[in-house]
Amino acid sequence: MASIDLPRALQDYFAFAETTPTRNGRRFSITLPYVRSDGRLDRLQWWYHLSPAKEKALGNSASEALRAEAVVRFRVHIERWLQNTRQDLFGDGAIPRVCAEGNRVVTAYRVDPAVSEGMLQSDETQEAGGSTPTESDHRPATKTAFG
């Protein structure tokens, strides 16, 4: 089963666009931007077409009806893509993140100073008895791991 863990409905992350109409009809796209596990921005897109004949037959609500159908199909496509590639879609920002199942990166949050009061700072840890890598390294400095 696809793992989608978002604070809002998946459709709230979609961007909708229409290209310039042609004599063959109107073309629309739905885009889901996401951040890959390597930090790069990527997107999934779903394209659909409304022919002049179909628009005439369905009337004024043709584009809305076709859009609702396309959203359902795109959502199913995303769920199958996540399942087939064994990935999770998650996050609480404006753009969700995608990564391999079970490999979610834990994001750093601001620490409340009142909660962490009395804890040692990172540079104080060294003075409190921590060892540096050179102190705990028993090999001579001129040698590598391979001799």
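Coordinates for the structure precede this section.
Now for a description of the structure that goes with this document. All values derive from a computational prediction rather than experimental measurement. (Residues numbered from 1 in each chain as written. Predicted model: local features only at pLDDT ≥ 70, side-chain atom pairs only at ≥ 80, totals over all residues. Heavy atoms only, no water.)

Looking at the secondary structure, you find Ser 29 in strand 3 (residues 26-35). Excluding residues that lie within four positions of it along the chain, Ser 29 makes contacts with Ala 15, Phe 16, Ala 17, Gln 45, Trp 46 and Trp 47. (Helix = DSSP H or I, 4+ residues; strand = E, 2+ residues; numbered from the N terminus. Contact = heavy atoms within 4.5 Å.)

Attention shifts here to the pattern of salt bridges. Enumeration according to the criterion identifies 6 salt bridges in this entry. When the shortest N-O distance is used, the salt bridge between Glu 18 and Arg 26 registers 2.7 Å. Asp 38 is the partner of Arg 36 in a salt bridge, and the nearest nitrogen-oxygen pair spans 2.7 Å. Taking the relative accessible area as the measure of exposure, Asp 38 reaches 48% and is therefore partly exposed. Connected via shared salt-bridge partners are Glu 18, Arg 26 and Glu 55. (Salt bridge = Lys/Arg side-chain N within 4 Å of Asp/Glu carboxyl O. Buried < 20%, exposed > 50% of the residue type's maximum accessible area, 1.4 Å probe, protein only.)

Next up on the list: the nonpolar core. Within the largest apolar cluster, 20 residues are counted, with the highest numbers of intra-cluster contacts made by Leu 10, Phe 14, Ile 30, Leu 32, Phe 74, Ile 78 and Leu 89. Breaking this core down by element, the ones donating at least two residues are strand 3, strand 4 (41-50) and helix 2 (62-84). It is helix 2 that provides the largest number of residues to this core, a total of 7 residues. Each residue touching Ile 78, except ones within four places of it in the same chain, is listed here: Leu 10, Phe 14, Leu 32 and Leu 44. (Core = buried A, V, L, I, M, F, W, Y, C linked by side-chain atoms within 4.5 Å.)

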